[in-house]
Amino acid sequence: AQTVTQSQPEMSVQEAETVTLSCTYDTSESDYYLFWYKQPPSRQMILVIRQEAYKQQNATENRFSVNFQKAAKSFSLKISDSQLGDAAMYFCLLNYGGSQGNLIFGKGTKLSVKP
Amino acid sequence: NAGVTQTPKFQVLKTGQSMTLQCAQDMNHEYMSWYRQDPGMGLRLIHYSVGAGITDQGEVPNGYNVSRSTTEDFPLRLLSAAPSQTSVYFCASSIGQGDTFFGQGTRLTVV
């Protein structure tokens, strides 16, 4: 069975500091994608970053980067220079097939940013 | 592009009432799906579709019906609302293993 685990229900970071959100997953598929989505209080689901499993290089999008450890099945999100607008729920998502039925969500990590 | 348009944003139903949540996408995506989001549970798949005329059940399909008569539209029907269906609902669409696009969500309360 495919699983995604986010072991930190809540995290807190000081503004301008760096925080890392953890995600581990399990899949028997060799071809898959991993994503981090952000859900602010507005409820909108916003794509933060994606990682293709066949790529060894870690994805980076401005202040957001991932540490993708394929052998360990780990996919953590690092947020640098945290801003108040980063406060949100963050979901780790595994897409292991070509169908919407192949999406597995973690249960989310609620990130608070302190001024 | 409008992306994924989901309506309504809020809805209150009485137990036993029926309603349809609308979802439309203008990106010509093959895959569409419905999720419900409950506190501490993440997003759970209700139903999904891999193309017009094809639908399948997800993790929590009971009490919900879907149809996909066109590529663009994927409505979710609650046949007889129950308090256990109080939740936030999201429609989503994508192509293959590409990015998944979400609607704005519907907060449904069943009293």
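That block above? That's the structure.
To keep things clear, this report deals only with the structure shown in the data block.

## Here's the deal with the overall build of chain B
Consideration 1: A count of helices and strands for chain B gives zero helices and eleven strands.
Consideration 2: In chain B, the succession of helices and strands from N to C terminus is β-β-β-β-β-β-β-β-β-β-β.
Consideration 3: Over its C-alpha trace chain B gives a radius of gyration of 13 Å, about what one expects of a compact globule, namely 13 Å for 111 residues.
Consideration 4: For the C-alpha atoms alone, the extent of chain B along its principal axes is close to 35 × 25 × 25 Å.
Consideration 5: Burial status across chain B gives 50% buried among its 111 residues.

## A look at the pairing of strand β4 (residues 31–38) of chain B
All names here are of chain B.
Consideration 1: Of all the eight residues making up β4, eight are buried; the element is thus mostly covered by neighbouring parts of the structure.
Consideration 2: Of the two faces of β4, the one carrying Tyr-31, Ser-33, Tyr-35 and Gln-37 and the one carrying Met-32, Trp-34, Arg-36 and Asp-38 are both buried.
Consideration 3: Examined bridge by bridge, β4 and strand β5 (residues 42–51) share seven bridges and lie antiparallel to one another. Across the sheet, Trp-34 pairs through a bridge with His-47, a residue of β5.
Consideration 4: Taken together, β4 and the strand that follows it, β5, pair antiparallel across an intervening segment of three residues, in which Gly-40 is found at a positive phi of about 75°.

## Topic: the sheet that holds strand β3 (residues 19–25) of chain B
Residues and elements named next belong to chain B.
Consideration 1: The four strands are arranged β1-β3-β8-β7 in an open sheet whose pairing can be described as antiparallel. Each end of this open sheet is capped by a strand with a single partner; those strands are β1 (4–7) and β7 (64–66). Neighbour-to-neighbour, the strand axes of the sheet open up by a mean angle of 15°, direction not taken into account.
Consideration 2: Note: β1 against β3, four bridges, orientation antiparallel. By the bridge assignment for β3, Val-4 is matched with Gln-25.

## Here we look at the packing of aromatic side chains
Consideration 1: Inspection of the entire model under this criterion finds ten aromatic pairs over all chains.
Consideration 2: Ring centres of A:Phe68 and A:Phe75 lie 6.3 Å apart, and the angle between their planes is 85°; on these two criteria the pair is classed as edge-to-face.
Consideration 3: Using a relative accessible area of 7% as the deciding quantity, one classes A:Phe68 as buried.
Consideration 4: Taken together through their ring pairs, the aromatic side chains of A:Tyr33, A:Phe35, A:Tyr37, A:Phe105, B:Tyr35, B:Phe90 and B:Phe102 make up a single cluster.
Consideration 5: Directly above the ring of B:Phe10 sits A:Arg43, whose terminal nitrogen or CZ lies 5.2 Å from the centroid.

## Regarding the nonpolar core
Nonpolar side chains tend to gather and get buried jointly when the protein is soluble and globular.
Consideration 1: By size, the foremost hydrophobic cluster in this structure holds 26 residues, and its most contacted members are A:Tyr32, A:Trp36, A:Phe75, A:Leu77 and A:Tyr90.
Consideration 2: Counting residues per element, the ones that place at least two in this core are β3 (19–21), β5 (33–39), β6 (46–52), β8 (64–69), β9 (74–79), β10 (88–95) and β12 (109–114) of chain A.
Consideration 3: By residue number, the principal contributor to this core is β10(A), which donates four residues.
Consideration 4: Sequence-distant contacts of A:Phe75, defined by excluding residues within four places in its chain, comprise A:Cys23, A:Tyr25, A:Leu34, A:Phe35, A:Trp36, A:Gln51, A:Val66, A:Asn67, A:Phe68 and A:Cys92.
Consideration 5: With 20 residues, the next largest nonpolar core counts B:Val4, B:Ile46, B:Val66 and B:Leu78 among its residues.

## Quick word on unusual backbone geometry
Consideration 1: For the peptide bond that leads from B:Thr7 to B:Pro8, omega is -5°, which places it in the cis range.
Consideration 2: If you trace the backbone, B:Pro8 turns up in the loop between β1 and β2 (10–13).
Consideration 3: At A:Asn62, a position not held by glycine, the phi torsion is positive, near 55°.
Consideration 4: Mapped onto the secondary structure, A:Asn62 falls in the loop between β7 (60–61) and β8.
Consideration 5: Residue classification places A:Asn62 among the exposed positions, given a relative accessible area of 75%.
Consideration 6: Even without being glycine, B:Asn28 reaches a positive phi, approximately 60°.
Consideration 7: By secondary structure assignment, the location of B:Asn28 is in the loop between β3 and β4.

Quick notes on the rules
Residues numbered from 1 in each chain as written. Chains lettered and ligands numbered in written order. Predicted model: local features only at pLDDT ≥ 70, side-chain atom pairs only at ≥ 80, totals over all residues. Heavy atoms only, no water. Helix = DSSP H or I, 4+ residues; strand = E, 2+ residues; numbered from the N terminus. Rg over C-alpha atoms; globule rule 2.2 N^0.38 Å. Buried < 20%, exposed > 50% of the residue type's maximum accessible area, 1.4 Å probe, protein only. Pairing = 2+ DSSP bridges. Axes fitted to C-alpha atoms, helices over the stretch in contact; angles between N-to-C directions. Phe/Tyr/Trp six-rings, centres within 6.5 Å; stacked < 30°, edge-to-face > 60°. Lys NZ or Arg CZ within 6 Å of the ring centre and 35° of its normal. Core = buried A, V, L, I, M, F, W, Y, C linked by side-chain atoms within 4.5 Å. Contact = heavy atoms within 4.5 Å.

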